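Understanding the architecture of this molecule
Now for the letters of each chain:
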Amino acid sequence: MDAHNPHDQTVCILSPEHRISHRVAEKCGYHHAYDTTFAGGPTSVMKRVGNLS
């Protein structure tokens, strides 16, 4: 993933209710950044900084 991404960070947005998706994101190196709303519903924003290797 990092080899093809020229940016130093990526983010993902997830429903706060989908705990399994949060766990998968954490295993991929993401951490919770903040909560917000998107399309009228609660949304968790997770951030991943840098290269995993």
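Refer to the structure printed above.
Quick look at the structure, then. Just so it is clear, the model here is predicted, and its values are computed rather than measured.

Definitions and limits used
Residues numbered from 1 in each chain as written. Predicted model: local features only at pLDDT ≥ 70, side-chain atom pairs only at ≥ 80, totals over all residues. Heavy atoms only, no water. Pairing = 2+ DSSP bridges. Helix = DSSP H or I, 4+ residues; strand = E, 2+ residues; numbered from the N terminus. Axes fitted to C-alpha atoms, helices over the stretch in contact; angles between N-to-C directions.

Looking at the sheet that holds strand β3 (residues 41-49)
Strands sit in the order β1-β3-β2 across an open sheet of 3 strands; the sheet is antiparallel. Edge positions in the sheet fall to β1 (9-14) and β2 (31-38), since each has one partner strand and no second. Within the sheet, the average angular offset between the axes of one strand and its neighbour, ignoring direction, is 25°. In this sheet, β3 lies alongside β2 in antiparallel orientation, the contact comprising 7 bridges. Counted as the bridge partner of phenylalanine 38 is glycine 41 from β3.

A short note on unusual backbone geometry
One non-glycine residue, alanine 39, lies in the positive phi region at around 55°. With respect to the helices and strands, alanine 39 occurs in the loop between β2 and β3.

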